[in-house]
Amino acid sequence: MAKVAERLIILREHNDTLLQKLYNIKKTLADPVLKPQIFKDPNATKKLFSQLLKDPPFFGDVESVPGFELLGNNVTGNMDVFMPMYMTFRDVNDWCDHAQKALEELANSINVEFDHEVNLLTMTDFFKVLVGFAKVVLLVNRIEEKKLLITIFNVLYTKVNGSQESNIQRVYKMFVDFEKPYVKLQEAFFSIQNHVGRALQNMLPVFDKGSLQYLNQKRPLEMLGEPDRIPYPAIDDTYIHIILHEEITEFVGFSYFCCPEALGLRAGKDSPSLKANKNAPDDRMWTLLLGKVLQNNFLLPLYGDEMINIHEPYQQLVKNYKTPSLNLKKDKSSLKAFEDHAAQYSAQSHRDKRNYLRMQLKTISRMMMDSQGLLGPKFQLVLALLALSRHELLWYFRHLEWNSKKYREVQDQDIAELVHLVEDMSQTCLKHREVIRTYHRKLLQGLYGPRTSNILESCRARFEGGQVLNVMQSIVDHINQSDSDLKALRLNWRRAEAYMSGYQFKASMLDQNCRLMFQTMLKVYELSRNIDEIEMQLVEKGSLKELYFYNKQVDQVFKDTLSGNQSQPLYVMSFVRILNSFPDNISKNLNQEMRKMIGRKSVSQGEGYLQSIVSHVRTMLDQLRGSPNGFLNLANQIGGDKVADRLKQRMLSRSSNSVGSSPNNPSSPNGLNSQSTSQRPGFESYYSSKNLIEHMTSIERNLTYCLFSLARSHEIAVYDTLFSPSEYLRDNLQQYVNQHLSLILMAKPSITKEGRNDQKTQDFRPPSQIMYELETFCMSLKIIEQCINVDVQELLTSALFDHMVNQQPINNPHNEADTIEPASMVYARWYVDMIYNSNNKYKLQFVPHKKSMVSTKDTPINGYRAEEYLDVNEMRVLARLMGPFGFKLMDDMLLDLIYQQVERLRDVISSLARVLREQEQLLYTEQALDKDMNKKFGGLENMLPIAITIGSLMEFRKCIKRSLRESASDYVPVIYKVLQSVSAQCENQSALVQKLIWDCGLEDEKNVGKDAVLNQKLESLVQASSVWDVLPVAFAVMLTLNKVWKDVDYNVQLEGWNNNAHLSITCFNELALALSACNNQDSQFSIDNTYTKFAEVSSMLLLNMRLAKNYEKQVNSCHIFADRLIKSCPSACTVSVQEEFSPYAMTRSIYVQTYEPLQRLNSITAEGTNSSEAQE
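Predicted model, so just to flag it, every value in this text is computed and none were measured.

Draft legend 1. Structural context of the side chain of His241. For His241, the position within the fold is in helix α12 (residues 237-243). Under the relative-accessibility criterion, His241 is labelled buried at 5%.

Listed below in structure tokens is the structure:
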């Protein structure tokens, strides 16, 4: 039995290797980095190359030619470069000789009659070798430097060995013979043209099964067409034929221009397989078979991205090919019609086919996800779908940048989905390969084992006494053995099929049992591959590794898929997964360096894709967060002046519509006014345009799809690198969150024209604006957590911790300690400066009922108002932003300033302590109110500003504690209530519990009004001085100083003084509490004693002031000040003590006199309002 099968297999496999080597040579010579060193400087080698090309491969005397030193100085290195190239050309020459001989023997000597129902495997091997021959010849012809290469090699070889290489002339002759490749190919295969033609005719029904028309009519790839047959195995020959569709397209396209005589055969007369078909058109294969290929294709692959315009060789044929049996010159017009049809309709035709395959793949993929058991019986169907889809994808990328004036390009927006479905279906099959393997093993043993035995028995008489019977019997035995070598089974059948295709078995092939045996064994052959070659099957039918050669087009499709006009971000990760197959374009045993280079390039490309995806996620997050069409659009629409303007327009429209509106108004149908948009409830919060909602929804949808695509793959292997999309996204999001939190927290408002000369600039935006943008940012990040396993809260917490808490020093390369200043430090410093200088520098006013500072007309700040930052609501938001750590930082700054100011206050009192004690002794004498009080106590003039500053700092401390308390109560109510109970019930509290209590803004329930932190801070000042006992006397005496109270008026609407003197009351109260706590005295007695002393001294001085002449303007204001200070005492007994010195009737009359103008104004305003309502 001739080794026909082995020879065809070896030739086919060797052809793949040669094509790969030739392609690498061509690309190496074209690459400016990879090309040999001698080719990198054309100017230096111009004369040398000219001399070498005069009579290649002979070179003559070239050692004296300029540029030869580049060869001669490194002979060994150059030999290592040029030897593999020459050996490739020599292997090509040897392979072409063997291939041509094998094809001629098969067609002429053995006289195999090809029939797709009998010897489909042998026929496909035959055509693969023939097409491979044509590809090798065309690819060699595209290497422009081939003659120069072998000449340079001959020079080097001769220099090393002293003689020329023995095959150099034969290789050069091959180059010369194939300079006109189409003519040479026709000469090489002249003797087998008719044989090839009959074989191609026989393939016509096989080729048609891959057309869209057949798929729509017969529906072999649709599982839902016949639901009752879903569990049945897909083992029909149709699936084998569909899988061969791409290869048959190449067989037809290449074979006919190699064997043009075959084009003259007619289907009805010359094809044995079609004679029985009465309805077959009586026409030549030019139209019936070749026409279908030319009408649907422009480019067919040689190898990689090297392609041939398949219309070009036939254009040459119709110009000059004429023989006694065939005249193709008459078909010039029909060839042009084929080309025009391809230009106009091929792209759309292939797009329709891709849509069909995409829908079928989507349906089957969903079914296989739910019912993996169907993969076994339907694996052949899946392979057919993958093969057709792969062919269509390669066709699309092959023609994507095809430039032709006539070609109508049709962009396929769904191409990414098809890539994803092919990749996903392949991965599903690999994941459940054991299901497929087990099913087909049982199918072979249970069904085809007995069937082949019975068929062999029926055919035994025809094969009796020959080797065929022994081979067939061994094949049947292999099928019935569970642990058999299936590769041996398949090789044995290939041998038997090739042998029985010869002329000696021609009569036997007409027997129906024999034909049934061939058909059954073809199925056995294919099904056995589904047991031990599942991975290879999926690589052959479903691998997209060839997309490596179309990297530029793949990159563009990836970009369009990610962010194009009709993007499909749900499928972007498929482009990362297919990168792992790119190194498989180079055999592991052929070129390890090239394979490694492709692998590294694929890893870099995968990282670039992931970076693009993550960047796109960040861009969409930015659009959701801050774009005019994002979440901030809601704030712009329902907040600020826009709402006020809408409400104003509504009021104006109401007033205009009210004039002339009546039931008989002809402008209103049926006497009724139609309700306008501005009259609907809540109209001011409506989106101004539906497009805004649609655009925002589109952003959310694309972001969600992109995240789902990342979440689908837990890990993706690309060459030697393992990508984890979720972790990659998380790492990038951490940086993204840090950057944007920094922008949100530290962004400075733009300086307006009015605020250019402000003494206090805005270092950050108001807390409410920061919080709204922060919440908007968090809202956009929540989408990530819903789609992918990334803990957004952890990212935010870490970033906020860095910006609000981190104060650890970092050593720079110059060994200088740098500190990354957190936002909390910036906020604290800004607020403390604002409060500290609120009275003397920024002229702010403390409003008691608002418990905050506000700007006044004298405030030297025009770009913003102080209440935008210091309002109670803003402070609550600030508490959420800064938290206990930030407020503790601010409190430490405040305490330091309080300490400094109290120290100044002590120095002022200390300088007048003796005089104040003497004044206290003169209280009930005529010298109680001396005429020289201003001179005598002039040092107390600085006490009120100091006390006001201390009071403002202490009021702000109360504000931040109150804000902390309300924030904790609202956002951590459980912790707040537990600590509140602990504070009220436990006497001995640990330091940690006390800190937690402070963090929640709670006070010690058993020591209300006592600030332990403040007391600890002031303890050294209090205990180191004995002047604090005259503090109430100093405050009382301060009321008599004209310079202090000269321009100080009591504002009845403010219920305070225009110079913030009411803050000095806070200073007195807090100092009184601190003094009693620090002196370890009876707290309540000490406090009562302090306030009683002030009440006594101030009352006596105020009574004397009323009798004096110089105090008329300030006495009432001072009286109210004293009354307010005394009533702020924690103990009620002081009030009764005050009445002993200052009658209540007098105090009441002062208040009535002070508040009377305000009451009169209020009554006038009320009367005016009532009269207006009555007139309406």
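Still more to cover.
Draft legend 2. Broad picture of the nonpolar core. Counting 362 residues, the largest nonpolar core has Leu221, Tyr314, Met500 and Met890 as the members making the most contacts within it. Broken down by element, the residue count for this core peaks at 18 residues, all from helix α36 (residues 872-911). Apart from residues lying up to four places away in sequence, Leu221 is in contact with Leu215, Tyr239, Ile242, Tyr356, Leu357, Gln360, Ile364, Leu381, Ala384, Leu385 and Leu388. Counting residues in hydrophobic clusters, the runner-up holds 6 residues, among them Ala968, Tyr976, Ile997 and Cys1000.

Draft legend 3. Broad picture of the pairing of strand β2 (residues 306-309). Pairing of strand β1 (residues 299-303) with β2, which is carried by 4 bridges, proceeds in the antiparallel orientation. Bridge pairing in β2 places Leu299 opposite Asn309. Joining the antiparallel neighbours β1 and β2 is a turn of 2 residues, in which Gly304 adopts a positive phi near 60 degrees.

Draft legend 4. Layout of the pattern of salt bridges. Taken as a whole, this structure holds 56 salt bridges when the rule is applied. A salt bridge links Asp177 to Lys173; its shortest N-O distance comes to 3.0 Å. On the criterion of helical spacing, the pair formed by Asp177 and Lys173 is a turn pair, its members being 4 residues apart in helix α7 (residues 168-177). In this structure Asp177 comes out as partly exposed when scored by relative accessible area, which is 28%. Residues Arg433 and Glu535 are paired through a salt bridge, measuring 3.0 Å at the closest nitrogen-oxygen approach. Of this pair, Arg433 sits in helix α20 (residues 433-463) while Glu535 sits in helix α24 (residues 534-542), and the two are 102 residues apart along the sequence. Take Arg433: its relative accessible area is 29%, and that puts it in the partly exposed class. Assessed through its relative accessible area of 32%, Glu535 is described here as partly exposed. Salt bridges linked by common partners bring Arg490, Arg529, Asp532, Glu533, Glu540 and Lys541 together as one network.

Draft legend 5. How the structure looks around the environment of Asp802. Note that Asp802 resides in helix α33 (residues 792-804). A C-alpha to C-alpha distance of 9.8 Å links Asp802 and Ser742, two positions 60 residues apart in sequence. Leaving out residues up to four positions away in the same chain, Asp802 has contacts with Asn738 and Pro822.

Draft legend 6. Seen up close, the side chain of Asn167. Within the secondary structure layout, Asn167 lies in the loop between α6 (146-161) and α7. Here Ser166 takes part through its side chain, which lies 3.4 Å from a polar atom of the side chain of Asn167. The residues contacting Asn167, other than those within four sequence positions of it, are Tyr86 and Arg90.

Reading guide: rules and limits
- Residues numbered from 1 in each chain as written.
- Predicted model: local features only at pLDDT ≥ 70, side-chain atom pairs only at ≥ 80, totals over all residues.
- Heavy atoms only, no water.
- Helix = DSSP H or I, 4+ residues; strand = E, 2+ residues; numbered from the N terminus.
- Buried < 20%, exposed > 50% of the residue type's maximum accessible area, 1.4 Å probe, protein only.
- Core = buried A, V, L, I, M, F, W, Y, C linked by side-chain atoms within 4.5 Å.
- Contact = heavy atoms within 4.5 Å.
- Pairing = 2+ DSSP bridges.
- Salt bridge = Lys/Arg side-chain N within 4 Å of Asp/Glu carboxyl O.
- Polar contact = N/O pair within 3.5 Å; in protein donor to acceptor, adjacent residues only side chain to side chain.

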